[in-house]
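Residue-level structural notes
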Amino acid sequence: MHTDGQSALDIDEYSGPQQPDSPSSTMTGGINLQDYATEAAVDAATANINIDPSPLIGDGDRDHSEQSAGEPAGESTREGFNENEDFSKQIGGEEGPHAPHPPTWRHPISSTRTYFEELSGFFGWKFLSWLAIVQCFVSGGAFSLVMALGLPLYKELGIGASRQQLYMSLIMSPWAMKPFIGVASDLFPIMGYNKRYFAVYSILIGLLGCAVLLGLYHSGAVTGAVEEGSDAVQRLADFSVLCFTAVSYEAATLDILGEGKYSELMRLYPESGSSIISFKFGWSLLGSMVTQAYVGPLADGGYFHVLFWLALGLSLAPFYPTLVGWIPEKKRTAEEPGMKNVCCKECCLYDKGSFEEKKAPFVVITLCGLSAPLLAALTTYADLAIGLSVAAVLIVAFTVATYFIFPRTFFWVFLAIVLFQMSWISIGSALGYYYTASEECVPGGPNFDYTYYITVTGIVGSVVNFFAVVLYQNFFSDWRFRPVLILTMVIGSLACMVDLIIIMRWNVAIGIPDKVFFLLGNAVFENMVYIIQSIPMSAIYAKISPPGMESAVFAYTVGIANFCNMVSQLLGSGVIQWSGMVTVGDQCNFEALPYLIVIFQVLVPMLVGVPACFLIPNVLQTENLLDWEKEGWYEDTRREELETSEHGDEDGDDEPAEDSRLESHLL
């Protein structure tokens, strides 16, 4: 995948390990989910970020007056059902919801309906609806849109591939800020809520970024900047990077707040498997598929202002559901033990007790989140070599801190995540510039226009991704973590040979046109591998989160993955620059590109990423990776809180049932 701008939902996160650069998967990522979790079709980086994938964990209802004192505490965590009906009857049994059965090709309609009914039993329909809106309209919509524009917009301004990749790394930095965002939301409830108003403020920041873009990119703005000279081009590029980063911040914040919720539930109900991740991927892919349908043609026509109007509307979509509390959480008060009032009348609280209990993890997690934007700014606007040196020191420091603070099993999984991400050195910008180069720049080259490169390959890739999600649920969800990761790592590395074959023109020599070979190779093959790898990685992020610290530790693991992915982007930018490639103008030089593909897209992942898979415990995906009670690393007070909440608030301050689900008290 091309990773010019990347995650990953995404992110991510795109946030499974960064895949080989494949333009067709550019818009399928946040991700992330991160990206995404987990990317925009023109930018491989986008794919990982769009989908920054993570398991959904919501807290259960704690105040249901109908619930008996003897009912298992786990059943009080369901939300989104009629309060006047017995929960177990609504989901078909006394034992609670069963593990979701993945849709199958034999009975697609009935099995799909059963899948969603059982998924709702674990996570609640309101939270699932909120997650779907965020993934479809923000991660797969607005964020994918701005990431997809990284190639055509900066290329039209005459900015080279190396510089463009630095810009995209800075835009992606909010996804690596997830640890800081997660800690801040858990330690500082706003108006009593840990997540609601952090989410609202992030939406307002995203809307501000879109509004400024509309003011900058009126008709003819790009052409005018080019005519005025390099200073005008630089100003326009710098302002656009800030605005794109604002949209990225909205997507990353909403993503991590949702991830904190569902990672908690995923740990409580490991039998739910990877079902919530497939749900998240599906909605993100749907949003990116629709987005890709219009980004390419409008970019070819230079209608950037129209695209920014669309981004504004997409960014606004989750505002109302977020404001009215579709992220289920229990309202916090200053009377709670360890809670301090910071300002006004509970406008902002400080959970001092949680911070004091696990001070060291909080400090490390916070520093991890804050270092990402600072590092990205340093490498983009100061010196790349200094920035990479600082990045190496930070990664070693975080790894050492993790070794001393967390249990050993957690450390080995953490180290595997770092090695996964660092093994994919991104050269996506160079690939994107090569594929879309003019005939004057690359005589006899592919010369793809943006309609084909972003829209056609993106839509095909998204369709393939939908089938890949179903394929995974039916054939790979019962595998152990280790073999599925090794398989996809090997196949993903070999998939990069498609790029090598096209650049060497071997496909033309045997009579296969560039568009056909690229479509069948990158759009189909690499997208499928990306999804099959991202889903288990997302499950790993959730399953290593300790009880009571789900949001913070989940944010830390996803954040360090995005941080390492960002460093791989920066390192790739340096590789492109130091290789002597010329990617803009009429005298282009891509002679070094085949060698970079073989070294950084095939050999390094095979030699580093595959051995790292053996650091992951070889357990089934429906099993917990760590036994936190056996580790004795924390004091679990969840059961007490659940039992207390079953009897309601003794002070009479009852919350509406839909907002009464237990919030994870991070530490």
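The sections below set out a description of the structure shown in this document. This one's a predicted model, so the numbers in the text were calculated from it and none came from an experiment. Residue numbers run consecutively from 1 along every chain, following the written order of its sequence. With pLDDT at 70 or above as the cut-off, local features in this predicted model cover only qualifying residues; side-chain atom pairs require 80 or more to be listed or tallied, and sums for whole chains, interfaces and linings still use all residues. Each side-chain value is worked out from all heavy atoms of the structure, with water and hydrogens disregarded.

**Examining helix 11 (residues 275–300)**
Residues lying three or four places apart along an α-helix face the same way, a consequence of the helix completing one turn every 3.6 residues. Heads up, the rule is: Secondary structure counts use DSSP, requiring at least four H or I residues in a row for a helix and at least two E residues in a row for a strand, with both numbered from the N terminus. Residue count minus one, scaled by 1.5 Å, sets the expected span of a helix. A residue's bend is simply the angle between two axes: one fitted to the seven residues ending at it, one to the seven starting at it. Working definition: with a 1.4 Å probe on protein chains only, accessible area under 20% of the residue-type maximum means buried, over 50% means exposed, and in between means partly exposed.
With 26 residues, helix 11 ought to run about 38 Å at 1.5 Å a step, and its terminal C-alpha atoms sit 38 Å apart, in line with that. A bend of about 30 degrees at Q292 is the largest found in helix 11. Extensive coverage of helix 11 is indicated by the burial of 19 of its 26 residues. Note on helix 11: the residue one or two positions beyond its end, G302, has a positive phi of about 75 degrees.

**Brief notes about the state of the cysteines**
Here a disulfide denotes a covalent bond joining the sulfur atom of one cysteine to the sulfur atom of another. Put simply, the test is: A pair of sulfur atoms, both from cysteines and within 2.5 Å, is called a disulfide here.
A complete count under the given rule lists 1 disulfide for this structure. The partner cysteine of C441 in its disulfide is C588, sulfur to sulfur 1.7 Å. Taking the torsion about the sulfur-sulfur bond, which here is approximately -115 degrees, the covalent link between C441 and C588 counts as left-handed. Of the two residues, C441 is situated in the loop between helix 18 (428–435) and helix 19 (450–476) and C588 in the loop between helix 24 (550–578) and helix 25 (593–612); the sequence distance between them amounts to 147 residues. Comparing C441 with C588 shows no difference in burial state: the two are buried. Between C210, a free cysteine, and C243, which holds the nearest cysteine sulfur, the sulfur-to-sulfur gap is 8.4 Å.

**What about the packing of aromatic side chains?**
Here is the rule we go by: Two aromatic rings, drawn from Phe, Tyr or Trp (for Trp, its six-membered ring), form a pair once their centres lie within 6.5 Å of each other, and the interplanar angle then sorts them: stacked below 30 degrees, edge-to-face above 60, tilted otherwise.
Counted under the stated rule, the structure contains 25 aromatic pairs. Between F188 and Y350 the ring centres are 5.3 Å apart and the planes differ by 20 degrees, which places this aromatic pair in the stacked class. You can see F188 sitting in the loop between helix 7 (178–187) and helix 8 (196–216) and its partner Y350 sitting in strand 2 (residues 348–351), a full 162 residues away along the chain. On the accessibility criterion, F188 (32% relative accessible area) is partly exposed.

**Topic: the nonpolar core**
Inside soluble globular proteins, nonpolar side chains tend to come together where they are buried. As a reminder, the rule being used: Buried Ala, Val, Leu, Ile, Met, Phe, Trp, Tyr and Cys residues that are joined via side-chain atoms within 4.5 Å together make up what is termed a nonpolar core. Should any heavy atoms of two residues lie within 4.5 Å, those residues are considered in contact.
Counting residues in hydrophobic clusters, the biggest one holds 175 residues, and the most contacted among them are Y154, I276, I560, F563, F590 and L593. The element that contributes the greatest number of residues to this core is helix 10 (residues 230–268), accounting for 16 residues. When sequence neighbours within four positions are dropped, the list of residues in contact with F563 reads A176, S371, A372, L375, A391, L394 and I395.

**Quick notes on the pattern of salt bridges**
For clarity, the cut-off: Throughout this description, the term salt bridge denotes a Lys or Arg side-chain nitrogen within 4 Å of a carboxyl oxygen of Asp or Glu.
Enumeration over the complete set of coordinates arrives at 8 salt bridges. When the shortest N-O distance is used, the salt bridge between K178 and D255 registers 2.7 Å. Pair noted here: K178 is in helix 7 and D255 is in helix 10, with a separation of 77 residues, a long-range link. Since its relative accessible area comes to 0%, K178 is described here as buried. Residue class for D255 comes out buried when judged on its relative accessible area of 2%. R505 is paired through a salt bridge with D514; the nearest N and O atoms lie 2.6 Å apart.

**A closer look at the packing of helix 7 against helix 15 (residues 359–381)**
When two helices pack together, their arrangement is given by the angle between their axes and by how far apart the axes lie. For clarity, the cut-off: Angles run from 0 to 180 degrees between N-to-C directions of axes, and those axes are lines fitted to C-alpha atoms, restricted for helices to the stretch in contact. The labels follow the angle: roughly parallel below 35 degrees, roughly antiparallel above 145, roughly perpendicular from 65 to 115, and oblique for the rest. Ten residues, namely Ala, Val, Leu, Ile, Met, Phe, Trp, Tyr, Cys and Pro, are considered nonpolar, four, namely Asp, Glu, Lys and Arg, are considered charged, and the remaining ones, Gly among them, are considered polar.
At a closest axis distance of 6 Å, the pairing of helix 7 and helix 15 adopts a crossing angle of 130 degrees. Regarding the angle of helix 7 to helix 15, the classification is oblique. Where helix 7 abuts helix 15, its residues P179, F180, V183 and L187 lie against F362, I365, T366, C368, G369 and L370. Residue composition of the contact of helix 7 with helix 15, by class: 8 nonpolar, 2 polar and no charged.

**What to know about the pairing of strand 1 (residues 339–343)**
As a reminder, the rule being used: Pairs of strands are assigned from DSSP output, requiring at least two bridges between the strands.
Of the pairings in the sheet, the one linking strand 1 to strand 2 comprises 4 bridges and is antiparallel in character. Counted as the bridge partner of M339 is D351 from strand 2. Connecting strand 1 to the next strand, strand 2, in antiparallel fashion are 4 residues, including C344 with a positive phi near 50 degrees.

**A word on unusual backbone geometry**
It is generally the case that most residues other than glycine have a negative phi and that most peptide bonds are trans. Of note, M191 is a non-glycine position whose phi angle comes to about 55 degrees, a positive value. Within the secondary structure layout, M191 lies in the loop between helix 7 and helix 8. Residue class for M191 comes out partly exposed when judged on its relative accessible area of 41%. Despite not being glycine, R505 has its phi angle at roughly 70 degrees, a positive value. Within the secondary structure, R505 sits in the loop between helix 21 (497–503) and helix 22 (506–509). For R505, a relative accessible area of 22% puts it in the partly exposed group.

**Here's the deal with the side chain of T457**
As a reminder, the rule being used: Whenever a nitrogen or oxygen atom comes within 3.5 Å of another N or O atom, the pair is scored as a polar contact, on the condition that within protein one atom can donate a hydrogen and the other can accept it, and that pairs from neighbouring residues in sequence are kept only if both atoms are in side chains.
Note on placement: T457 falls in helix 19. In this structure the side chain of T457 is engaged in a polar contact, spanning 2.5 Å, whose partner is the backbone oxygen of Y453.

**Concerning the environment of I203**
Relative to the elements of secondary structure, I203 occurs in helix 8. The exposure class assigned to I203 is buried, which follows from its relative accessible area of 0%. Once the C-alpha coordinates of I203 and A246 are considered, the two residues, 43 residues apart in sequence, prove to be 9.2 Å apart. Sequence-distant contacts of I203, defined by excluding residues within four places in its chain, comprise E250, L254, S315, P318, F319 and T322.

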